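Summary of structural features
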Amino acid sequence: MSAIQIRLPDNSIREFDHQPTILEVAESIGPKLAKDTIGGLIDGDPEVRDLRTVLKDGQKLEILTMGSEKGLEVVRHSAAHVMAQAVQEIWPEVKATIGPVIDNGFYYDFDSPFQFTPEHLSKIEKKMKEIIKRGDKIEKQVLERAEAEKTFKSMDESYKLELIEGFDADSEISIYKQGGDWFDLCRGPHVQKTSQIKAVKVLSLAGSYWRGDENRQSLQRVYATAFYSQKDLDEHLKNLEEAKKRDHRKLGKELGMFYFDQLSPGGPFFTPKGTIVYNEFLDFLREKYRKYDYQEVITPQVYDVDLYKQSGHYQNYKENMYFMEVDDRQFSLKPMNCPGHCVLYTQEKKSYRDLPWRVADFGRLHRYERSGVMHGLTRVRTFSQDDGHIFCTLDQMQSEIESFVSMFKEIYHALGMEDYKIYLSTRPEKRMGSDEVWDKAEAALENALQRMELPFQVNPGDGAFYGPKLDFMFVDALKRPWQLGTLQADFNLPEAFDLSYVGDDNSEHRPVMLHRAILGSLERFIGVYLEHTAGHLPTWLMPQQVRVMNLTDRQLDYCKSLTEQLKAEGLRVDFDDRSEKLGFKIREAQLMKIPYMLVIGDKEEESGQISVRLKNGTTKYGLKMEDFVSQVKKDVGERMLKSPLIETES
RNA sequence: GCCCAUGUGGCUCAGGGGUAGAGCACACCCUUGGUAAGGGUGAGGUCGCGAGUUCGAGUCUCGCCAUGGGCUCCA
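The structure reproduced in this document is the subject of the present report.

How each quantity is defined
Residues numbered from 1 in each chain as written. Chains lettered and ligands numbered in written order. Predicted model: local features only at pLDDT ≥ 70, side-chain atom pairs only at ≥ 80, totals over all residues. Heavy atoms only, no water. Helix = DSSP H or I, 4+ residues; strand = E, 2+ residues; numbered from the N terminus. Contact = heavy atoms within 4.5 Å. Areas by Shrake-Rupley, 256 points an atom, 1.4 Å probe, with all protein chains shown as cover. Lys, Arg positive; Asp, Glu negative; His and termini not counted. Charge placed at Lys NZ, Arg CZ, Asp CG, Glu CD. Near = heavy atom within 4 Å. Polar contact = N/O pair within 3.5 Å; in protein donor to acceptor, adjacent residues only side chain to side chain. Nonpolar A, V, L, I, M, F, W, Y, C, P; charged D, E, K, R; others polar. Pairing = 2+ DSSP bridges. Axes fitted to C-alpha atoms, helices over the stretch in contact; angles between N-to-C directions. Parallel < 35°, antiparallel > 145°, perpendicular 65-115°, else oblique. Left-handed = near helix turned anticlockwise from the far one by under 90°. Expected span 1.5 Å × (residues − 1). Buried < 20%, exposed > 50% of the residue type's maximum accessible area, 1.4 Å probe, protein only. Core = buried A, V, L, I, M, F, W, Y, C linked by side-chain atoms within 4.5 Å. Domains from an automatic or database assignment.

**What to know about the overall build of chain A**
- The helix and strand inventory of chain A stands at 21 helices and 33 strands.
- Over its C-alpha atoms, taken along the principal directions, chain A stretches across nearly 90 × 75 × 55 Å.
- Taking as baseline every contact in chain A between residues at least 6 positions apart, the subset at least 24 positions apart corresponds to 68%.
- Accessible surface, chain A as shown: approximately 31600 Å² in total, 48% of it carbon and sulfur.
- In chain A, 89 side chains carry a positive charge and 106 a negative one; their mean positions are 4 Å apart.

Okay, here's the thing in structure tokens:
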């Protein structure tokens, strides 16, 4: 029998007289490595394999040890089993279902006759730590299907049984034993023994459904996470804290920008301060619209339901729409602008010379979101979008897309949002329109991205039935993805509204419609941007840009005149004239994240110079007022991300 | 919509059958102080809403509403 050869990442070859497991390969290299081994990658496949996997001749193996990023999945997977074991050791009547690894952790769904509470969670965590301390060895055992079914049936683990029934006929059915009697149906991968799970934390509790189907058994999901070390875990918990601190709902309240009232669920109230931010974004977008040749329009809020029957929204989107009946006529609040824009398109006969016809609309939209899905500003029932529609010919699509992508890049760059991913979703199985049209549309999207040298990922079959689309996924400062911008080609609405233009051949043609948004919903965007910037908006967006503060009452008049002067320059300035100590005033301004604080005492008044404290805590003394004004005007006027006074530091 | 938790002054929260509390914010007074909290006094509450139990309900029960964490959804 010839030797079995396994290739390692450094291209060295190890030989065996039998097909070795990943762990055996590690053992052959050294005991330390074997001890740390928790899995492996075979032939460059990104799927992490169990260390008990039997290798075949000629395979390439990368051993994953404690500390490797990929290996963390294995640790978390095993930790999920430890959780299930812990729960069943404490409450044997609880049934286990599934426990997958997710981003930054894992969860396990249980069917329990009683409700879990936070006290239960700490019990679970305690028990998990006990099991980890015991260091139970984890062993894999392959079962025949019939045997597996019999086993789980006798244990009354109906969910496991259902899982087994769903497996392919030829798939291997394995269980993993931990310690004495406890085992779980699982295909792995798992660590060698529970003590390889170094740090665990049970985080939270939530409801879920078996197989994610709300008509089936409701389960209790316990979220937790595991890391290689307590230090990593602490770091992660700190990040979670940071995310909490940055929560836009908290920031919005602290900065006094918006709030919600029970009387309008999902209906944000923007305060005067929040409205300034909102409108600054609109001004910014309008400026870009002028540059990119869009025409802004204003369209009705309320339409006869017939409009949505014609567009197809009534049939497909009814449960998310608001309806009202007036004078025996059915009306609906608009959930999107596109049908209205189609109506507007038909108001005058279009020639090919009129295309591309680009309209933008900040119209208020209302969508009846189901009660459980609302979330701060990121999911609301009333909002407006930086919505726009481009009606063009199929041949104009590519240049329109390129122009859109340029505008997108320009806007995201200006907002300091450089990290985003682009997804191209192509034709689904159920779709309208000819393959020829789809070919052209998909090619236009793809070519545009290639010409702009933007990397993108294709999601085959993920497009809407009416056309392919691009989705722009912004990744924020805490590495969380948000889908904000979008560009969707639509062959359906032009058809539904029988839109046409007269071509140079003097016959009628059907235009293509592009739906596009860069920030998406303004409400949602403001929420995301607040979290991304942790509330430190660039000066041009700040409701309060400069705060003047006097040291003593002697400077009252002087400060008033300075305030007036700054106001006359178009800056948003206020004057804290309360008889409080300077430290107190500074603290407040700092908490409000006001970028410029003018501190005026006798010295300043006498010298005619000013002292400016920046929100990063540094103070510039002896500035001339006119220099300060020009710096701040530059900051605001050029929509700078950082104050020029901070820039010039160091 | 579903599961669980929560709802007490503008905000953050304590109180858990017997007359509604604290800190911050707010108002007024004292203080005029040089870069993240000076001191005093005061005003402010249908304890989410509605029923029920009780001599008596923020407090216990039920229903509803809203919010939060998830699930599902986001043509």
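Next comes the rest of the write-up.
**Considerations on the protein's contact with RNA strand B**
- Near RNA strand B there are 50 residues, and of these Tyr209, His313, Leu551, Asp553 and Arg587 occur at the shortest range.
- For RNA strand B, the backbone makes up 45% of the atoms found within 4 Å of the protein, where backbone means sugar plus phosphate.
- Interatomic distance of 3.1 Å between a side-chain N/O atom of lysine 253 and a phosphate oxygen of RNA strand B.
- Here serine 371 contributes a side-chain N or O atom positioned 2.5 Å from a phosphate oxygen of RNA strand B.
- Within the residue set of the surface near RNA strand B, elements represented by two or more residues are strand 11 (199-209), strand 12 (218-227), helix 8 (248-254), helix 11 (313-317), helix 18 (582-591), helix 19 (602-607), strand 32 (609-614) and strand 33 (619-624).
- The element best represented in the surface near RNA strand B is helix 18, accounting for seven residues.
- Among the residues forming the surface near RNA strand B, the class breakdown is 17 nonpolar, 17 polar and 16 charged.

**Topic: the sheet that holds strand 17 (residues 323-326)**
- Strand order in the open sheet formed by three strands is 16-18-17, with antiparallel pairing between adjacent strands. Two strands lie at the open edges of the sheet, namely strand 16 (302-304) and strand 17, each paired on one side alone. Each neighbouring strand pair of the sheet contributes to a mean axis angle of 35°, computed without reference to strand direction.
- Two elements, strand 16 and strand 18 (residues 329-333), share three bridges in a ladder whose sense is antiparallel. Paired with valine 302 across the bridge in strand 18 is leucine 333.

**So, the packing of helix 5 (residues 145-154) against helix 6 (residues 158-166)**
- Two numbers describe how helix 5 lies on helix 6: the axes approach to 8 Å, and their chain directions differ by 160°. Taken together, helix 5 and helix 6 sit at an angle that is classed as roughly antiparallel. Crossing handedness for the pair helix 5 and helix 6: left-handed. Side by side, helix 5 and helix 6 meet where Arg145, Ala148, Glu149, Phe152 and Lys153 of the first sit next to Lys160, Leu161, Ile164 and Glu165 of the second.
- Class assignment of the residues belonging to the contact of helix 5 with helix 6 gives a composition of four nonpolar, no polar and five charged.

**A word on the packing of helix 17 (residues 556-568) against helix 20 (residues 625-637)**
- Here helix 17 crosses helix 20 at 35°, and the two axes come no closer than 11 Å. In this structure, the crossing between helix 17 and helix 20 has a hand that is right-handed. Within the contact between the two elements, helix 17 uses Leu562, Gln565 and Leu566 and helix 20 uses Met625, Phe628 and Val629.
- By residue class, the composition of the contact of helix 17 with helix 20 is five nonpolar, one polar and no charged.

**Regarding helix 16 (residues 522-533)**
- Helix length check: helix 16, at twelve residues, gives a terminal C-alpha distance of 16 Å against a target of 16 Å (1.5 Å per residue), a fit within 8%.
- If you check which residues of helix 16 are buried, you get Leu522, Glu523, Phe525, Ile526, Gly527, Val528, Tyr529, Leu530, Glu531, His532 and Thr533.
- Measuring from the backbone nitrogen of glutamate 523 back to the side-chain oxygen at the start of helix 16 gives 3.3 Å, which picks out serine 521 as the cap.
- Looking one or two places after helix 16, you find alanine 534, whose phi comes out positive at around 55°.

**What to know about the nonpolar core**
- The biggest cluster of nonpolar side chains holds 61 residues, and the ones touching the most others in it are Phe281, Tyr412, Leu415 and Leu519.
- If you tally residues by element for this core, the top one is helix 13 (residues 397-414), at eight residues.
- Here this core spans two domains, since at least three of its residues come from each of domain 3 (258-533) and domain 4 (539-649).
- Ignoring anything within four residues of it in the chain, the contact list for leucine 415 reads Phe281, Phe284, Leu519, Phe525, Tyr529, Trp540 and Leu641.
- Judged by nonpolar contacts, the second largest core, of 42 residues, contains Leu121, Ala224, Ala226 and Leu233.

**Side note on helix 6**
- Those residues of helix 6 not exposed but buried are Tyr159, Lys160, Leu161, Leu163 and Ile164.
- Against the buried residues of helix 6 lie strand 5 (95-96), strand 7 (105-111), helix 5, strand 9 (173-178), strand 10 (182-185) and strand 12.

Distances and angles like these do not, on their own, reveal function.
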